Every structure is written in structure tokens, then in C-alpha cells.
Amino acid sequence: MKGHEYARAQVKAHLQARVPGRLSALKAALSVTTPAAPAAYLLADRLPVDPALYPCIIVNSTGAPRMRAQSVHGKGDTVDYIVVYDLRVVVACRTDVAGGDEAASLDRDRLLLAVREALLSPGTLPADIELVTTDMTEDTGAATQDLRGRPLSAGQVTFSAACLETLTPATVPDALEESAIEVTGYPAATVTITPEPEE
């Protein structure tokens, strides 16, 4: 089977292919120059510490709540499953501008919108994975600061991905060959089991 890593990696590759173009078009429409194209696309569970990795896009998985076999199967059969993964894409922008909370927040909004548009146009994904965006949601939080005290804003979009995965039967080792086992004992006369009576 393929697992969480496969689903996240396919979404990451799709975003790498689609987000830069979407972001450039948005900035042109708004007549703005920020944010810069993402410096990093990561399969991670937290924001990076290195400021050189911002703006960043992080893909993580929060669970696989549904797995359904595609057919009735017997022992030893190869079985296809549809596995649904709950995914989360986090975007984060920071700025070196003093008092730049608003700048970081606006950059976050623009990058999050580019991610939304990229996810709603999944033309680069392989045939064995499909994004389920009917219940896609977005969250934006209050601005915070990075470890150097510079403004940082993050947001996230959550959705699901349905992946076709195949479970192949496990290879069972051949039965162990029968073998003769010789046991060598001691003659009874040489072994004292009960203590000798005291004189």
C-alpha cells in the first residue's frame, strides 16, 4: 500500500507545479509585489525555524478515517482499497519590516488564496489519487512572531484525498522441513536424583 507519505508527496508536487503561477497572477491582478514565491515546500508537522525557508508551504496529514475494499475477496487475494486521507496545507509568511504585522497578514492571505486555487484545479495529480474538496475549509489565525521577534502570519486549508491502494498477499515462508532430533541422556546409575540417607 502507499500510506500518508504518498498522499502528502503527491499534493506537495502538485502545489509546487501550480502555486507559483497562481501567485504571480494574483499579485499582478492586485498590483502588488509580495509575497515572494514560496522558498520551501515541506512535508512536516511544524513551521521551520530557519527564516530563509519563508514564505513556506507545509503539507501534513491528520488521519485516514476511511478505508474501503473495492471487491469481495478471499484469503491470499490481491485487494484494491480506496483510502481517504485528511490533509492540511499550512502557509506561513514573515517579514523583516518593523511593525509589519499587516504586511505579513496580507502576504499570508495572498499565498493561501493561491493554494486554494491550486487545490481546486488538480490537473497534475496522478490517476490513483483524487482531491476531495467539497468540504474544504480554511482557517487564519492571529499574527504571531518568529524566534527573532519578526511578524509571522500563518493559515491553513484542510481537505481530503482519496487514494487507490493495493494490498498484496504477504509471502509465507515454506514450512520447516522435518528433522530428526537426537537426545543423549545419562545412564540412570550415574545420576543421583534423591539424596543419600545420612549415616
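About the cut-offs
- Residues numbered from 1 in each chain as written.
- Predicted model: local features only at pLDDT ≥ 70, side-chain atom pairs only at ≥ 80, totals over all residues.
- Heavy atoms only, no water.
- Helix = DSSP H or I, 4+ residues; strand = E, 2+ residues; numbered from the N terminus.
- Buried < 20%, exposed > 50% of the residue type's maximum accessible area, 1.4 Å probe, protein only.
- Areas by Shrake-Rupley, 256 points an atom, 1.4 Å probe, with all protein chains shown as cover.
- Pairing = 2+ DSSP bridges.
- Phe/Tyr/Trp six-rings, centres within 6.5 Å; stacked < 30°, edge-to-face > 60°.
- Lys NZ or Arg CZ within 6 Å of the ring centre and 35° of its normal.
- Polar contact = N/O pair within 3.5 Å; in protein donor to acceptor, adjacent residues only side chain to side chain.
- Disulfide = S-S within 2.5 Å.
- Expected span 1.5 Å × (residues − 1).
- Bend = angle between axes of the 7 residues up to and from the residue.
- Contact = heavy atoms within 4.5 Å.

For the protein, the helix and strand inventory stands at 2 helices and 6 strands. For the protein, the sequential pattern of α-helices and β-strands runs α-β-β-β-α-β-β-β. The burial tally for the protein puts 33% of its 199 residues in the buried class. Taken as a whole, the protein presents about 12,600 Å² of accessible surface, with 52% of it coming from carbon and sulfur.

As a further point, take the pairing of strand β2 (residues 56–69). Within a regular beta strand, the side chains point alternately toward one face of the sheet and then the other, so they alternate between its two faces. Where strand β1 (residues 40–42) meets β2, 3 bridges bridge the pair, whose relative direction is parallel. By the bridge assignment, Tyr41 is partnered in β2 with Ile57. Pairing of β2 with strand β3 (residues 79–94), which is carried by 11 bridges, proceeds in the antiparallel orientation. Paired with Met67 across the two strands is Val83, which belongs to β3.

As a further point, take the packing of aromatic side chains. Considering all chains together, one arrives at 0 aromatic pairs under this definition. The positively charged end of Lys2 is found above the aromatic ring belonging to Tyr6, 5.0 Å away from the centroid.

This paragraph deals with the environment of Lys2. One can find Lys2 in the segment before α1 (3–30). Relative accessible area serves as the criterion here: at 32%, Lys2 is assigned to the partly exposed category. C-alpha separation for the pair Lys2 and Val83, spaced 81 residues apart in sequence, amounts to 9.4 Å. Among the polar contacts listed, one links the side chain of Lys2 to the side chain of Asp128, at a separation of 2.5 Å.

Attention shifts here to the state of the cysteines. Within the structure shown, the criterion is met by 0 disulfides. Of all cysteine sulfurs in the structure, the one in Cys56 sits closest to Cys93, which takes part in no disulfide; the separation is 7.7 Å.

So, about α1. With 28 residues, α1 should reach 40 Å at 1.5 Å per residue; the first-to-last C-alpha distance of 39 Å fits that figure. Of all the bends in α1, the greatest reaches close to 35° and is centred on Arg18; the proline Pro20 follows between one and four positions later. Regarding α1, the residues found buried are Ala7, Arg8, Val11, His14, Leu15, Val19, Leu23, Leu26 and Lys27. Residues of α1 that are buried in the fold lie against β1, β2, β3, α2 (101–119), β4 (129–140) and β6 (151–167). Positioned one or two residues after α1, Ser31 has a phi angle of 55°, which is positive.

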